[in-house]
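Structural overview for review
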Amino acid sequence: MSVDWIGITLLLGGFLGLMLLRVPIAFALGLASLATALHLNLPLLLVAQRMINGLNSFTFLAVPFFILVGNIMTEGGISDRLVRLADVLVGRLRGGLAHGNVVASTMFGGISGSSVADVASIGSFLIPAMRKAGYPAGYSVAVTVTSSVQGVLIPPSQNMIFYALAAGGLPISTLFLAGYIPGLMLGIALMVLCAVMAKRHNHPLGARYTLNEGLRVVADAAIGLFTIVIIIGGILSGVFTATESAAVAVVYALLVTVFWYRSLSRAAVARIFSTTLTTLAMVTAIIMTSSVFGFLLSYLRIPALLAEGIFLISENKIFVLMAINILLLILGMLMDMGVLILLLTPILLPIVSKVGVDPIHFGVMMILNLGIGLCTPPVGTSLLVGSGIARIRLGSAIGSMWGFYIAMIVVLLLVTYFPALTLTLPAMMN
């Protein structure tokens, strides 16, 4: 079968060209797909059907609820309670604020499911607090930004839902379980690095709490953390589907923040729903256009051509995974994480399947890899947000990031080449 290089150029070149012209991603995907479909003489009705099919999934219904519950808990003040809880748990250590930052991100990631939300919420008061305590500004940003990557691994993660959609409907509960151990591994690796840095640079000791003070903080934070129990417990017990658990979590989060914490006014609730609708509109547009884009990728045999190119060099599993990791790391520096998941999964999943990689394992590997991209310039959203909060130049933040980059790469390699780290927990629970 001959290769239609004009069609490939129109699809990939058109998309990249529009992106360079700063056309919004959804429009860039849609226009490049439309031009390619016209070149291929495909019926425009087929294009429309493919766009609708991208949303025609029960899994997709979970997306708006997870976005909404994350916004509610972020706006509702749960983040400062989690920071105090983290301070109670690890604050007395040397460099306690840094350790508390990582622990708070571990817990908050399990609620918001978003790295950027973690940085914006927890970082808004932890970065200034760390600077006031004597930590360098760049180091404060580095800890906050890299620990936030746990939010894309520890469930509920919106990006795992995107991967489940792009991979053809993988079970969300299995993906959620697979992210726990890698997410905790990342947190432990960062805490080890923080401990080394604290000893080397004599970082200050954290605050100490009395038993009664600590219990009050734990009780106050536990009410908000119960959101995670509703989501994960409901799914694993079989009481709820992922979509149903997210909907119940939204109701619970509203009740807790409005009536128990009393941290949300009516105006704030209205603002949260408005923000969620705006985000959902962007996500929906991207999913629709990426669906037809992915169809055209397959129609033009681009995944097969890429696989042939990789296997021409070597069919060794170690090499294939390393090559894909390098590709993802580079692309993660240049494009948004959610878009890359939707675009690359249909291309890369058939390749790794040929060398015996489990789709669940590959999903966690991909999400962790692209999560690192959130911390790298020029498009690293979490890094940009953290630098903005600290009011420092991007270069100053990057100068403090190298040790943290190494720690994240080490965890990525472990996750890549030891699939048991992702697959053991789902196997035990099923």
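Residues numbered from 1 in each chain as written. Predicted model: local features only at pLDDT ≥ 70, side-chain atom pairs only at ≥ 80, totals over all residues. Heavy atoms only, no water.

Identification of the chain as TRAP transporter large permease protein from Nitratireductor basaltis is taken from an unreviewed UniProt entry. Per UniProt, the chain carries the Subunit (unreviewed entry) text "The complex comprises the extracytoplasmic solute receptor protein and the two transmembrane proteins." Check the Sequence similarities (unreviewed entry) section of the UniProt entry for the chain; it says "Belongs to the TRAP transporter large permease family." (UniProt positions renumbered as here; feature names shortened; annotations may be inferred.)

**Digging into the overall build of the chain**
On a plain count of helices and strands, the chain comes out with 21 helices and zero strands. In terms of overall size, the chain behaves like a compact globule, its C-alpha atoms giving a radius of gyration of 22 Å where 430 residues would be expected to give roughly 22 Å. Expressed as lengths along the three principal axes of its C-alpha atoms, the size of the chain is roughly 75 × 45 × 45 Å. The buried share of the chain, taken over its 430 residues, is 53%. For the chain, the proportion of contacts with a sequence separation of at least 24, taken over those separated by at least 6, is 80%. On the chain, roughly 18,100 Å² of surface is accessible, and the fraction owed to carbon and sulfur atoms is 69%. Charge separation in the chain, taken as the distance between the mean sites of 20 positive and 12 negative side-chain charges, equals 12 Å. (Helix = DSSP H or I, 4+ residues; strand = E, 2+ residues; numbered from the N terminus. Rg over C-alpha atoms; globule rule 2.2 N^0.38 Å. Buried < 20%, exposed > 50% of the residue type's maximum accessible area, 1.4 Å probe, protein only. Contact = heavy atoms within 4.5 Å. Areas by Shrake-Rupley, 256 points an atom, 1.4 Å probe, with all protein chains shown as cover. Lys, Arg positive; Asp, Glu negative; His and termini not counted. Charge placed at Lys NZ, Arg CZ, Asp CG, Glu CD.)

**Structural notes on the nonpolar core**
Nonpolar side chains in soluble globular proteins generally cluster together in the buried interior. If you look at the biggest cluster of nonpolar residues, it comprises 145 residues, and the most contacted ones within it are Tyr 163, Ile 324, Leu 348, Phe 362 and Met 366. Excluding residues within four positions of it along the chain, Phe 362 makes contact with Tyr 163, Ile 324, Leu 348, Leu 349, Val 352 and Val 357. (Core = buried A, V, L, I, M, F, W, Y, C linked by side-chain atoms within 4.5 Å.)

**Concerning the pattern of salt bridges**
The final tally for this structure, using the stated rule, is three salt bridges. Between Arg 271 and Glu 75 there is a salt bridge whose closest N-O contact spans 3.3 Å. With Arg 271 in helix 13 (residues 266-299) and Glu 75 in helix 4 (residues 62-75), this residue pair connects regions lying 196 residues apart in the sequence. Note on Arg 271: relative accessible area 44%, which makes it partly exposed. Using a relative accessible area of 39% as the deciding quantity, one classes Glu 75 as partly exposed. Arg 301 is paired through a salt bridge with Glu 308; the nearest N and O atoms lie 3.5 Å apart. (Salt bridge = Lys/Arg side-chain N within 4 Å of Asp/Glu carboxyl O.)

**Remarks on the side chain of Asn 159**
Mapped onto the elements of the fold, Asn 159 is located in helix 9 (residues 158-166). Those residues in contact with Asn 159 that sit more than four places away from it in its chain are Val 152, Met 337, Gly 338, Ile 341 and Ile 367.

**Focus on the packing of aromatic side chains**
In this structure the tally under the stated criterion is seven aromatic pairs. When the centroid spacing of 6.0 Å and the interplanar angle of 75° are considered together, the rings of Phe 66 and Phe 176 count as edge-to-face. On the criterion of sequence distance, the pair formed by Phe 66 in helix 4 and Phe 176 in helix 10 (residues 172-201) is long-range, its members being 110 residues apart. Across this residue pair, the class does not change: Phe 66 and Phe 176 are buried. Seen in terms of ring centroids, Tyr 139 and Phe 404 are 5.9 Å apart; in terms of plane orientation they differ by 55°. Their pairing is tilted. Here Phe 404 lies in helix 20 (residues 402-417) and Tyr 139 lies in helix 8 (residues 137-147), a separation of 265 residues in the sequence. For Tyr 139, a relative accessible area of 4% translates into the label buried. Classification of Phe 404 as buried rests on a relative accessible area of 2%. Counting every residue linked through ring pairs, the aromatic cluster contains Tyr 135, Tyr 139 and Phe 404. Here Arg 81 stacks its cationic end above the ring of Tyr 261, 3.7 Å away from the centre of that ring. (Phe/Tyr/Trp six-rings, centres within 6.5 Å; stacked < 30°, edge-to-face > 60°. Lys NZ or Arg CZ within 6 Å of the ring centre and 35° of its normal.)

**Remarks on unusual backbone geometry**
Most peptide bonds adopt trans geometry, and most residues besides glycine take a negative phi value. In this model, Arg 22 sits at a positive phi of 65°, which is unusual for a non-glycine residue. Looking at the element boundaries, Arg 22 is found in the loop between helix 1 (5-20) and helix 2 (25-39). The exposure class assigned to Arg 22 is exposed, which follows from its relative accessible area of 78%.

**Looking at a nonpolar patch on the surface**
Taken together, the side chains of Met 322, Ile 326, Ile 330, Met 333, Leu 334 and Leu 413 present a nonpolar region at the surface, about 490 Å² in accessible area. With three residues, helix 15 (residues 317-332) is the single largest residue contributor to the nonpolar patch. For Ile 326, the location among the structural elements is in helix 15. With relative accessibility at 44%, the residue Ile 326 sits in the partly exposed group. (Patch = residues over 30% accessible without salt bridge, like charges linked within 9 Å, V, L, I, M, F, W, Y side chains within 5 Å.)

**With respect to the packing of helix 4 against helix 13**
Between helix 4 and helix 13, the shortest axis-to-axis distance is 9 Å and the interhelical angle comes to 140°. Helix 13 is crossed by helix 4, and the crossing has right-handed handedness. Only Arg 271, Ile 272, Phe 273, Thr 275, Thr 276, Thr 279, Leu 280 and Val 283 of helix 13 make contact with helix 4, whose side of the interface consists of Val 63, Pro 64, Ile 67, Leu 68, Asn 71, Ile 72 and Glu 75. Residues of the contact of helix 4 with helix 13, tallied by class, amount to nine nonpolar, four polar and two charged. (Axes fitted to C-alpha atoms, helices over the stretch in contact; angles between N-to-C directions. Left-handed = near helix turned anticlockwise from the far one by under 90°. Nonpolar A, V, L, I, M, F, W, Y, C, P; charged D, E, K, R; others polar.)

**Topic: helix 14 (residues 302-313)**
In an α-helix, one full turn covers 3.6 residues, which means residues spaced three or four apart are oriented alike. Between its terminal C-alpha atoms helix 14 stretches 17 Å, which fits the 16 Å expected from 12 residues at 1.5 Å a residue. The set of residues buried in helix 14 consists of Ile 302, Pro 303, Ala 307, Ile 310 and Phe 311. Buried residues of helix 14, viewed axially, fall in a sector of 160°; they line one side. Where helix 14 is buried, its residues contact helix 1, helix 13, helix 15 and helix 16 (337-354). (Expected span 1.5 Å × (residues − 1). Arc of directions from axis to C-beta.)

**Remarks on helix 2**
Over its 15 residues, helix 2 runs 21 Å from end to end, which matches the ideal 21 Å to within 8%, given 1.5 Å per residue. Ile 25, Ala 26, Ala 28, Leu 29, Ala 32, Ser 33, Thr 36 and Ala 37 are the residues of helix 2 that are buried. Buried residues along helix 2 cover an arc of 165° about the axis, so they all sit on one side. Opposite the buried face of helix 2, at more than 90 degrees from it, the exposed residues are Phe 27 and Leu 38. Just beyond helix 2, the residue with positive phi is Asn 41, at close to 60°.

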